[in-house]
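Summary of structural features
So the chains spell out like this:
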Amino acid sequence: MASNEVVQRGLQDIVAVESHITFIDGKGGRLLYEGYDIRELADRSTFEEVAYLLWYGRLPTRSQLDDLRQRLVSLRPLPEPLAKLIDTLPTDSNPMDVLRTAVSALAMLEPSEAQPGPNSIGGALRLTAALPSMIGRFQRRRVGLAPLKDRPDLSHAENLLYQITGKEGTEIENRALDVALILHADHELNASTFAARVTASTLSDLYSAVTSAIGTLKGPLHGGANERAVELLLECGDLGRVEEVVTAKLARHERVMGFGHRVYKVEDPRATILRAWLHTVGESAGNLKSYDMLEKEREVVHREKGLYPNVDLYSGSVYALLGVPKDLFTPIFAVSRVTGWTAHVLEEYRDLRLIRPSALYVGPTDLTYVPIDQRGS
Ligand code: CMC
């Protein structure tokens, strides 16, 4: 590459693929899945319906949705060797590592689902159905409880909450989680989706692509931000200390997790919706502490840095009110985003082009090899 070429660090503003799935209007604060506004989907749809929309590019008829629901329920149980594998992992493992390992193992146990190509939709359904079972199995084991019996009567969100907490959520709790799953399902070419598409673009299999994506989502600048956002609230302790702790953090030039976004220059529309749900869930639980603290944090960060909240500011606090342990916040993100990852992988398989950017070489070019015994100490 010639030295006058410009390096776009972090591939910022580079358009790498054509996609039919998600549109983000970063200046207008709008997010569309297959043309439908996220606000309308969060209001009127369900996670299963949104999964269908992402995979097939259109809303399902009633019978198509019923069929998808039944297939997802039937694909929930884990094969015995995988259940055993999860039971042998250290109980203090990071649950994202558990998920990554479990998905990777499933590829070897069910190789036909993992094959690249248009039939990978079977693998997309399998992974979407099985992720809550993987999380539930690990969660029960690490707290010393037996795995739960399957509950085919529960929706995806209801089952997820049940698998994690061991009890059925209230109507408000279940709907809050369903909405959170809708909001996280896809987000254009975010880092984990890009990782999935890069893997798929080598004609590797769908499960490998999802394994890459889980490893990418784990990082605190991506999916891990929701956990850090809740940790900051714990550090503050109460409303009275938010101003002082957050201002000091910004003065040290540290990042406040849950704020800022590569694409949105206004508030992330998902954050607006989840803020309202945090209020609803908090009010029904008689506990608006995290809501009030986050309102203060929002005011301070906007005043000091001009930054707006992103979805991760609120998701962790909603999950915490539902009784979800902190280190399962990012795995819940994966439970939702696996639909987007797999939709993108299917899109990649349909119009495959190896993703392979270039680097601007800035090292030396004229060194002569020195034998090891002449290199000094
Ligand atoms: N707290 C404090 N300062 C920030 C923050 C923040 N959260 N975000 C950006 N900035 C500052 C940053 O320090 C920089 O300042 P300066 O120009 O003085 O050095 C400026 O804003 C631009 O930041 P950047 O890192 O160049 O912008 P980016 O487009 O690479 O950042 C981001 C996007 C999400 C990595 C960043 O905003 C961030 O680190 N946020 C916190 C992590 C977070 O909440 N991640 C979840 C993202 S949304 C969920 C998802 O889709 O994954």
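So, here is what we can say about the structure in this document. Along each chain, residues carry numbers from 1 onward, in the same order as the chain's sequence is written. Local features in this predicted model are restricted to residues of pLDDT 70 or higher, and side-chain atom pairs are both shown and tallied only at a pLDDT of 80 or more, whereas totals for entire chains, interfaces and linings draw on every residue. Heavy atoms throughout the structure, all of them, feed into the side-chain values; hydrogens and water do not.

Focus: the environment of T91
Elements are defined by DSSP. Helices are runs of H or I of four residues or more, strands are runs of E of two residues or more, and each kind is numbered from the N terminus. Relative to the assigned elements, T91 resides in the loop between α4 (80-88) and α5 (95-109). Measuring from C-alpha to C-alpha, the distance between T91 and H187 comes to 32 Å, with 96 residues separating the pair along the chain. Here, residues are in contact when the closest pair of their heavy atoms is within 4.5 Å. With near-sequence residues (within four places) excluded, T91 lies in contact with F138, R141 and R142.

Brief notes about the site of the ligand
The rule for a residue being near a molecule or strand is that one of its heavy atoms must lie within 4 Å of it. Taken together, 18 residues lie near the ligand, and H222, R255, V256, G258 and R262 sit nearest. Pairing of N or O atoms within 3.5 Å defines a polar contact, subject to two protein rules: one partner must be a possible hydrogen donor and the other a possible acceptor, and residues neighboring in sequence count only if both atoms are side-chain atoms. At 2.5 Å, a side-chain N or O of H222 approaches an oxygen atom of the ligand. Alone, the ligand offers 930 Å² of accessible surface; in the complex the protein occludes 69% of this. Gly is put with the polar residues, along with every residue not named as nonpolar or charged; the nonpolar set is Ala, Val, Leu, Ile, Met, Phe, Trp, Tyr, Cys and Pro, and the charged set is Asp, Glu, Lys and Arg. Tallied by class, residues from the shell around the ligand come to seven nonpolar, five polar and six charged. To measure how exposed things are, a 1.4 Å probe is used in the Shrake-Rupley method; for residues, cover is taken only from the protein chains shown.

Concerning the environment of L183
Residue placement: L183 occurs in helix α9 (residues 171-184). Residue classification places L183 among the buried residues on the basis of a relative accessible area of 0%. Along the primary structure L183 and T280 are separated by 97 residues, whereas in three dimensions their C-alpha atoms are 17 Å apart. Ignoring anything within four residues of it in the chain, the contact list for L183 reads Y33, I38, A42, R270, I273 and L274. Exposure classes here rest on a 1.4 Å probe applied to the protein chains alone. A residue is buried below 20% of its type maximum, exposed above 50%, and partly exposed in between.

A look at helix α17 (residues 329-350)
Since one α-helical turn is 3.6 residues long, residues separated by three or four positions face the same way. Counted at 1.5 Å a residue, the expected span for α17 with its 22 residues is 32 Å, and the 32 Å between its end C-alpha atoms agrees. Think of it this way: the bend at a residue is just the angle between two axes, each fitted to seven residues, one set ending at that residue and the other starting at it. Approximately 45 degrees is the largest bend angle found in α17, and it occurs at R337. The element α17 is extensively covered by neighbouring structure, given that 21 of its 22 residues are classed as buried. One fewer than the residue count of a helix, multiplied by 1.5 Å, yields its expected span.

Observations regarding the packing of α5 against helix α7 (residues 121-142)
Each axis is a line fitted through C-alpha atoms, taken for helices only over the stretch in contact, and angles between the N-to-C directions span 0 to 180 degrees. Viewed as axis vectors pointing N to C, α5 and α7 meet at an angle of 130 degrees, and their least axial separation amounts to 10 Å. Relative to α7, α5 is oriented oblique. Relative to α7, the crossing made by α5 is right-handed. In this structure, α5 contributes P95, V98, L99, A102, V103 and L106 to the contact, and α7 contributes R126, L127, A130, L131, M134, I135, F138 and R142. The scheme is simple: roughly parallel for angles under 35 degrees, roughly antiparallel for over 145, roughly perpendicular for 65 to 115, oblique for anything else. Helix crossings are classified by the rotation of the near helix relative to the far one: an anticlockwise turn of less than a right angle makes the crossing left-handed, while a clockwise turn makes it right-handed.

Describing the pattern of salt bridges
Salt bridge, as used here, is a side-chain nitrogen of Lys or Arg placed within 4 Å of a carboxyl oxygen of Asp or Glu. Counted according to the given criterion, the structure contains 25 salt bridges. Close ionic contact of E254 with K249 constitutes a salt bridge, the shortest N to O distance being 3.0 Å. Note that E299 and K296 form a salt bridge whose closest N and O atoms lie 3.3 Å from each other. Of the two residues, E299 and K296 both sit in helix α15 (residues 289-305), three residues apart, roughly one turn of that helix. Its relative accessible area of 23% is what places K296 among the partly exposed residues.

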